[in-house]
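Per-entry structural report
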Amino acid sequence: MRTAIVGGGAAGFFLAINLKEQCPQMDVTIFERSSRVLRKVKVSGGGRCNCTNTFADVRDLSTVYPRGHRLMKRLMKGFGQNDAFAWFEAHGVPLTVQEDQCVFPAAQDSQVIIDCFLHHCHKLGIEIRTGCTFDIADTAFDYIALTTGGQPRAESLKWLADMGHEIVAPVPSLFTFSIQDQALHELMGTVVEQATASIPATSYRASGPLLITHWGMSGPAILKLSSYAARYLAESNYQAPLAINWTGLNEEEVRQELHTLFAVHPKKQISSLRPFELPTRLWIYLLEKEDIPLSLTFANLSKKTFNRLVTLLTADSYAIASRAPFKDEFVTCGGIALSSVNPATLESKHRPGLFFAGEVLDIDGITGGFNFQAAWTTAYTVAQAIAQSFLRRPSI
Ligand SMILES: Cc1cc2nc3c(=O)[nH]c(=O)nc-3n(C[C@H](O)[C@H](O)[C@H](O)COP(=O)(O)OP(=O)(O)OC[C@H]3O[C@@H](n4cnc5c(N)ncnc54)[C@H](O)[C@@H]3O)c2cc1C
């Protein structure tokens, strides 16, 4: 019996190794189109590979998997983050957990994961063919697993649509925002730890650290918002209003804190107050943006100006001009619709023996190791499904 794994990335290798470990008699071949395998693993996590997350801070999977959270919930019962953690350690990759619950190789180098995969492929006798495209009509294979990753262009999935699979139009996720505001750009490098970014008149909002850059805004809050609103932003041609709450508090809490601050420092100039420990340069920028005199004190602060301050801190408005070309991480939202696969095995409903794993499926996560976890979970599911089908086959 033979299995072809099409795509030599994270999901493809994980699937191949898990399948071959369960079925040593199975012939397993990885077909990789390009000349190098595991290229994304290499560059991931800034070269350190944020390979999973403890999920300790995740109360609801929909907050980390904007697409595919229900299926992930189901499949992670079979192979979740603890299983992935144990798998890597058992296969010779000690891991370490950061304070933010992101998991990395203890060596802080993505190469150790690549070395682990290549070592186990070699040990198990898994063939790796690079520079190779695969013809689905090749009948030499009993099982085919497609692990071709995110396909930014819908045309690359057309042949699967022709087979009857529903394709969810692919659009980018996890990007930063270009904002045309020279004075803002001059604050590049400024970080606000507890910001909330939202798109007014929608329910899209995300909290976390926000980084001001020389093109606009980045950081976890912005990347998360780009993921939640990936399709909305694509449909809006990446032009949309953006509101920032710089405080991590709600409007009423901000009012009260400002009142207290002014009561304690009634004679201080507003420019030197620095509420909510905002970086000074950002606070001055905000005041100047709203034409609020820097020398203002509480004694001569009108109610109207007070209200403007509250709005400035809780719903500061910007315009997203475009999707920025710079990226730390980038994934595709969309792909093979989950309605086209058997949710227990990830086998195609239209072509028996054809399976899908990894980003080619319409599952994607926010940053933090969630995308690799989806690759491990779906790849393991397919490995199990093929192994069970193989072991159940009538013996000749
Ligand atoms: C810069 C960057 C950093 C990232 N950092 C992280 C991170 O730290 N943590 C995290 O969780 N996620 C991260 N991600 C996301 C993560 O890399 C992907 O979600 C993950 O690699 C998906 O795995 P995959 O195997 O499905 O696809 P891929 O890793 O993209 O692999 C697919 C493979 O299939 C090959 N292929 C495509 N079409 C064909 C074909 N027709 N025939 C043969 N081969 C084909 C491709 O060349 C590729 O090698 C990052 C992404 C990027 C771009």
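Above this text sits the structure in question.
Structural notes, computed from the coordinates.

Parameters at a glance
- Residues numbered from 1 in each chain as written.
- Predicted model: local features only at pLDDT ≥ 70, side-chain atom pairs only at ≥ 80, totals over all residues.
- Heavy atoms only, no water.
- Helix = DSSP H or I, 4+ residues; strand = E, 2+ residues; numbered from the N terminus.
- Buried < 20%, exposed > 50% of the residue type's maximum accessible area, 1.4 Å probe, protein only.
- Contact = heavy atoms within 4.5 Å.
- Areas by Shrake-Rupley, 256 points an atom, 1.4 Å probe, with all protein chains shown as cover.
- Lys, Arg positive; Asp, Glu negative; His and termini not counted.
- Charge placed at Lys NZ, Arg CZ, Asp CG, Glu CD.
- Near = heavy atom within 4 Å.
- Polar contact = N/O pair within 3.5 Å; in protein donor to acceptor, adjacent residues only side chain to side chain.
- Pairing = 2+ DSSP bridges.
- Salt bridge = Lys/Arg side-chain N within 4 Å of Asp/Glu carboxyl O.
- Axes fitted to C-alpha atoms, helices over the stretch in contact; angles between N-to-C directions.
- Parallel < 35°, antiparallel > 145°, perpendicular 65-115°, else oblique.
- Left-handed = near helix turned anticlockwise from the far one by under 90°.
- Nonpolar A, V, L, I, M, F, W, Y, C, P; charged D, E, K, R; others polar.
- Core = buried A, V, L, I, M, F, W, Y, C linked by side-chain atoms within 4.5 Å.
- Phe/Tyr/Trp six-rings, centres within 6.5 Å; stacked < 30°, edge-to-face > 60°.
- Lys NZ or Arg CZ within 6 Å of the ring centre and 35° of its normal.

What the protein chain contains, in helices and strands, is 13 helices and 17 strands. Expressed as lengths along the three principal axes of its C-alpha atoms, the size of the protein chain is roughly 95 × 45 × 35 Å. Counting only residues that meet the buried cut, the protein chain has 52% of its 396 residues in that class. Considering only contacts within the protein chain whose residues lie at least 6 apart along the sequence, 75% involve residues at least 24 apart. Carbon and sulfur atoms provide 51% of the accessible area of the protein chain, an area that totals close to 18000 Å². Across the protein chain, 36 positive and 37 negative side-chain charges occur, with their mean positions spaced 2 Å apart.

Attention now goes to the site of the ligand. Among the 30 residues in the neighbourhood of the ligand, the closest are listed as Ala11, Glu32, Asn50, Glu359 and Phe372. For the ligand, an oxygen atom lies 3.1 Å from a polar atom in the backbone of alanine 10. Within the backbone of alanine 11, an N or O atom sits 2.8 Å from an oxygen atom of the ligand. Taken by itself the ligand offers 1000 Å² of open surface, and the protein chains cover 89% of this. Taken together, the elements giving at least two residues each to the shell around the ligand come down to α1 (10–22), α2 (39–47) and α13 (370–392). It is α2 that contributes the most residues to the shell around the ligand, five residues altogether.

The next subject is the sheet that holds strand β11 (residues 205–212). Within a sheet, adjacent strands bond to each other through the backbone by hydrogen bonds, running parallel or antiparallel. In space, the seven strands of this open sheet follow the order β14-β13-β10-β11-β12-β9-β15, with antiparallel pairing throughout. Here the strands that pair on one side only, and so sit at the sheet edges, are β14 (316–320) and β15 (322–323). Sheet topology note: the strand β10 (residues 191–198)/strand β13 (residues 240–245) ladder contains three bridges and is antiparallel. The partner of threonine 196 across the bridge, within β13, is asparagine 245.

This paragraph deals with unusual backbone geometry. Here leucine 174, not a glycine, exhibits a phi torsion of approximately 65 degrees, which is positive. As for its placement among the helices and strands, leucine 174 is situated in the loop between β8 (167–173) and β9 (177–178). Within the chain, tyrosine 238 stands out as a residue other than glycine whose phi angle is a positive 60 degrees. Relative to the elements of secondary structure, tyrosine 238 occurs in the loop between α9 (230–235) and β13.

Moving on: the side chain of asparagine 50. Residue placement: asparagine 50 occurs in the loop between α2 and β3 (52–53). Of note is the side chain of asparagine 50, whose polar atom sits 2.9 Å from the backbone nitrogen of glycine 369. When neighbours within four sequence positions are excluded, asparagine 50 is seen to be in contact with Ser44, Gly45, Cys102, Val103, Phe104, Gly368, Gly369 and Phe372.

Further remarks concern the side chain of lysine 20. Note on placement: lysine 20 falls in helix α1. Nearest to the buried, unbridged lysine 20 among oppositely charged side chains is aspartate 27, at 5.1 Å. Sequence-distant contacts of lysine 20, that is, excluding residues within four places in its chain, are made with Met26, Val28, Leu124, Gly125 and Ile126.

For the pair helix α10 (residues 251–264) and helix α12 (residues 303–314), interaxial distance at closest approach is 10 Å and the crossing angle is 125 degrees. By the criterion of interaxial angle, the relationship of α10 to α12 is oblique. When you trace α10 past α12, the crossing you get is right-handed. On α12, the residues touching Glu251, Val254, Arg255, Leu258, His259 and Phe262 of α10 are Phe306, Asn307, Leu309, Val310, Leu313 and Thr314. For the contact of α10 with α12, the per-class residue count stands at seven nonpolar, three polar and two charged.

Right, let's talk about the nonpolar core for a bit. Judged by nonpolar contacts, the single largest core of 75 residues is most densely connected at Leu15, Leu19, Tyr65, Phe88, Phe117, Phe356 and Trp376. For this core, the leading source of residues is α13, giving twelve residues. Apart from residues no more than four positions distant in its own chain, phenylalanine 88 is found in contact with Phe14, Val93, Leu95, Ile113, Phe117 and Trp376. Counting 43 residues, the second largest nonpolar core, distinct from the first, contains Leu242, Ile244, Phe306 and Leu312.

Applying the stated criterion across every chain yields a total of 24 aromatic pairs. Judged by centre distance (4.3 Å) and plane angle (20 degrees), the rings of phenylalanine 79 and tyrosine 380 are stacked. One end of the pair, phenylalanine 79, is in the loop between α3 (69–76) and α4 (81–90); the other, tyrosine 380, is in helix α13, and 301 residues separate them in sequence. Seen from their ring centres, phenylalanine 88 and tryptophan 376 are 5.2 Å apart, and the 65 degrees between their planes marks the pair as edge-to-face. With phenylalanine 88 in helix α4 and tryptophan 376 in helix α13, the pair connects residues that are 288 residues apart, well separated along the chain. There is no split in this pair, since phenylalanine 88 and tryptophan 376 are both buried. Joined through ring pairs, the aromatic side chains of Phe13, Phe14, Phe79, Trp87, Phe88, Phe117, Phe372, Trp376 and Tyr380 make up one cluster. Sitting over the face of the ring of phenylalanine 141, arginine 2 holds its NZ or CZ atom 4.4 Å from the ring centroid. Taking the ring centre of phenylalanine 390 as reference, the NZ or CZ of arginine 393 above it sits at 4.2 Å.

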